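Examining the three-dimensional arrangement
Next come the chains, spelled out residue by residue.
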Amino acid sequence: MTILEIKDLSYTYSDQTAALEKISFSVKERKKIAILGANGSGKSTLLQHLNGLILPQAGIVSIKDTIICKKNLSFIRKTVGIVFDNPEDQLFSTTVYEDIAFGPRNLGYTEEKVQECVERAISLVNIQDLSHRPPYNLSLGQKKKVAIAGVVAMEPEIMVFDEPFSGLDPYSLEQFIYLLDNLYDAGHTLLITTHDVDIAYGWADECILLKEGKVLAQGPMDLLEDQLLMKKARLKVPSLCQIFHDTNMQPKTIGEAREALNKLLNPPS
Ligand SMILES: Nc1ncnc2c1ncn2[C@@H]1O[C@H](COP(=O)(O)OP(=O)(O)OP(=O)(O)O)[C@@H](O)[C@H]1O
């Protein structure tokens, strides 16, 4: 079933910058979607439309067959949770626990349910050690995790992450991908924006490529293997594909892949 539908969405900022031009795409429920695009391609502007932070100037955004407009924002915000790139914007309470509790309290949950949601989110994101600390003096990666827990605590059906991988160390990155997979297994539809084609290639089911405010392509992840398309999007093909392209190999076994990598790293002199 389609959970998110965007039709002919356009948005121009007050200084006349056209950030989105006639964007159309749809997302089926329980998918892992990567929205990819170079700097300035419109990813953040698009995300802000998904929970009504920006209302469409032209076109429609519909979530579960409900067209976003001012009067249904509370339903929309219950259904779509967004974690923005800059976690500072989402943290303002005195402790991490209180910060995460803010969303569920705002949804009118009982204190018992609030506690249940916060504890589940803290445990899923694995930040038990941070729960009593003030958010303002945490590291960037820690703040990011707290902002993620804040959205997870509200249990929205659709979770959207703006550049979730930036600022995470390799261990946290691995943990975060594990968390995304847990959320997916729990039934959530997940959308991420990223420039990191390697991670997107390994993680997502489908991708949407943006270029200068337009959808360049939408489809399965093998779209990212198309050198011409990726050049057009001002992105690189995933390193793995680049390696096999450069070595003229299409390995079918781990042994063949190792051989291709060796060939690339140790070219014959
Ligand atoms: N507040 C604003 N006022 C005017 N123009 C803006 C504003 N915010 C974004 N833009 C412009 O809109 C276009 C799309 O920007 P947006 O931030 O959505 O792109 P992005 O793909 O998220 O970029 P990045 O990868 O660099 O974060 C860009 O040309 C940008 O300069």
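About the cut-offs
- Residues numbered from 1 in each chain as written.
- Predicted model: local features only at pLDDT ≥ 70, side-chain atom pairs only at ≥ 80, totals over all residues.
- Heavy atoms only, no water.
- UniProt positions renumbered as here; feature names shortened; annotations may be inferred.
- Helix = DSSP H or I, 4+ residues; strand = E, 2+ residues; numbered from the N terminus.
- Rg over C-alpha atoms; globule rule 2.2 N^0.38 Å.
- Buried < 20%, exposed > 50% of the residue type's maximum accessible area, 1.4 Å probe, protein only.
- Near = heavy atom within 4 Å.
- Polar contact = N/O pair within 3.5 Å; in protein donor to acceptor, adjacent residues only side chain to side chain.
- Areas by Shrake-Rupley, 256 points an atom, 1.4 Å probe, with all protein chains shown as cover.
- Nonpolar A, V, L, I, M, F, W, Y, C, P; charged D, E, K, R; others polar.
- Pairing = 2+ DSSP bridges.
- Arc of directions from axis to C-beta.
- Axes fitted to C-alpha atoms, helices over the stretch in contact; angles between N-to-C directions.
- Contact = heavy atoms within 4.5 Å.
- Core = buried A, V, L, I, M, F, W, Y, C linked by side-chain atoms within 4.5 Å.
- 1 Å grid on protein atoms, 1.4 Å probe; cavity = no way out; pocket = protein on both sides within 12 Å on 5 of 7 lines; lining within 4 Å.
- Points joined across faces, edges and corners; volume = space filled by probe spheres on them.
- Domains from an automatic or database assignment.

By the naming in an unreviewed UniProt entry, the chain is ABC transporter ATP-binding protein, taken from Clostridium aceticum. Quoted verbatim from the Subcellular location (unreviewed entry) field of UniProt, the annotation for the chain is "Cell membrane". For the record of the chain, the UniProt heading Sequence similarities (unreviewed entry) holds the text "Belongs to the ABC transporter superfamily."

Counting its secondary structure elements, the chain contains 10 helices and 10 strands. The globule rule puts the C-alpha radius of gyration for 269 residues at 18 Å, and the 20 Å found for the chain is close to it. With respect to the principal axes defined by its C-alpha atoms, the chain has extents near 70 × 45 × 35 Å. Each of the 269 residues in the chain was classed as buried or not, and the buried ones make up 47%.

A large share of helix α1 (residues 43-50) lies buried, amounting to six of its eight residues. Within α1 the residues assigned to the buried category are K43, T45, L46, L47, H49 and L50. One or two residues past the end of α1 sits G52, with phi positive at roughly 80°.

Let us now look at the site of the ligand. In the neighbourhood of the ligand, 13 residues make up the surrounding shell, with N39, G40, K43, S44 and T45 lying closest. One nitrogen or oxygen atom from the main chain of G40 is found 2.8 Å from an oxygen atom belonging to the ligand. T45 places a side-chain nitrogen or oxygen 2.5 Å from an oxygen atom of the ligand. Contact with the protein chains covers 62% of the free accessible surface of the ligand, which is 640 Å². Here the shell around the ligand is built from residues that sort into three nonpolar, eight polar and two charged.

Two strands pair when backbone bridges link them, and strand β1 (residues 2-12) and strand β2 (residues 18-28) are joined in this way by seven bridges, in the antiparallel orientation. Bridge pairing in β2 links T2 to K28. The antiparallel hairpin formed by β1 and β2 contains five residues in its connecting segment, where Q16 sits at a positive phi of about 80°. Strand direction decides the pairing type here: β1 and strand β4 (residues 58-63), joined by five bridges, are antiparallel. Across the sheet, K7 pairs through a bridge with I60, a residue of β4.

It is worth spelling out helix α9 (residues 239-246) at this point. Every buried residue of α9 is accounted for by C241, I243 and F244. Viewed end-on, α9 has its buried residues packed into an arc of 160°, placing them on one side of the element. Within two residues after α9, N248 carries a phi angle of roughly 60°, on the positive side.

It is worth spelling out the sheet that holds strand β10 (residues 214-220) at this point. Overall, mixed pairing links the six strands, which are arranged β6-β7-β8-β3-β9-β10 in an open sheet. A single partner strand is all that each edge strand has here, and the edge strands are β6 (80-83) and β10. Across the sheet, the mean angle separating the axes of adjacent strands is 15° when strand polarity is ignored. Relative to strand β8 (residues 189-194), strand β3 (residues 32-37) runs parallel, the two being bridged by five bridges. Bridge assignment links A34 to a residue of β8, and that residue is I192. This element, helix α5 (residues 140-152), spans β6 and β7 (158-162) of the sheet and lies at about 175° to β6.

Attention now goes to the nonpolar core. Ranked by internal contacts, the top residues of the largest apolar core, which has 50 residues, are L36, I100, I127 and F161. Setting aside residues up to four positions removed in sequence, I100 forms contacts with V118, A121, I122, I127, V146, A149, G150 and A153.

This next bit is on the layout of surface pockets. Reported here for the largest pocket is a volume of approximately 600 Å³. As for the largest pocket, its lining consists of 24 residues, and the residues nearest its centre are Q90, F102, G103, N106 and M154. With five residues, helix α3 (residues 96-106) is the single largest residue contributor to the lining of the largest pocket. Classifying every residue of the lining of the largest pocket by side-chain character gives 13 nonpolar, seven polar and four charged. Empty space within the second largest pocket amounts to approximately 260 Å³. Along its surface, the second largest pocket is lined by Y201, E225, Q227, V237, L240, C241, F244, H245, N248, M249 and Q250. The element best represented in the lining of the second largest pocket is α9, accounting for four residues. For the lining of the second largest pocket, the class distribution of residues is six nonpolar, four polar and one charged. Per-domain counts for the lining of the second largest pocket show at least three residues from each of domain 1 (2-91 + 156-237) and domain 2 (238-269).

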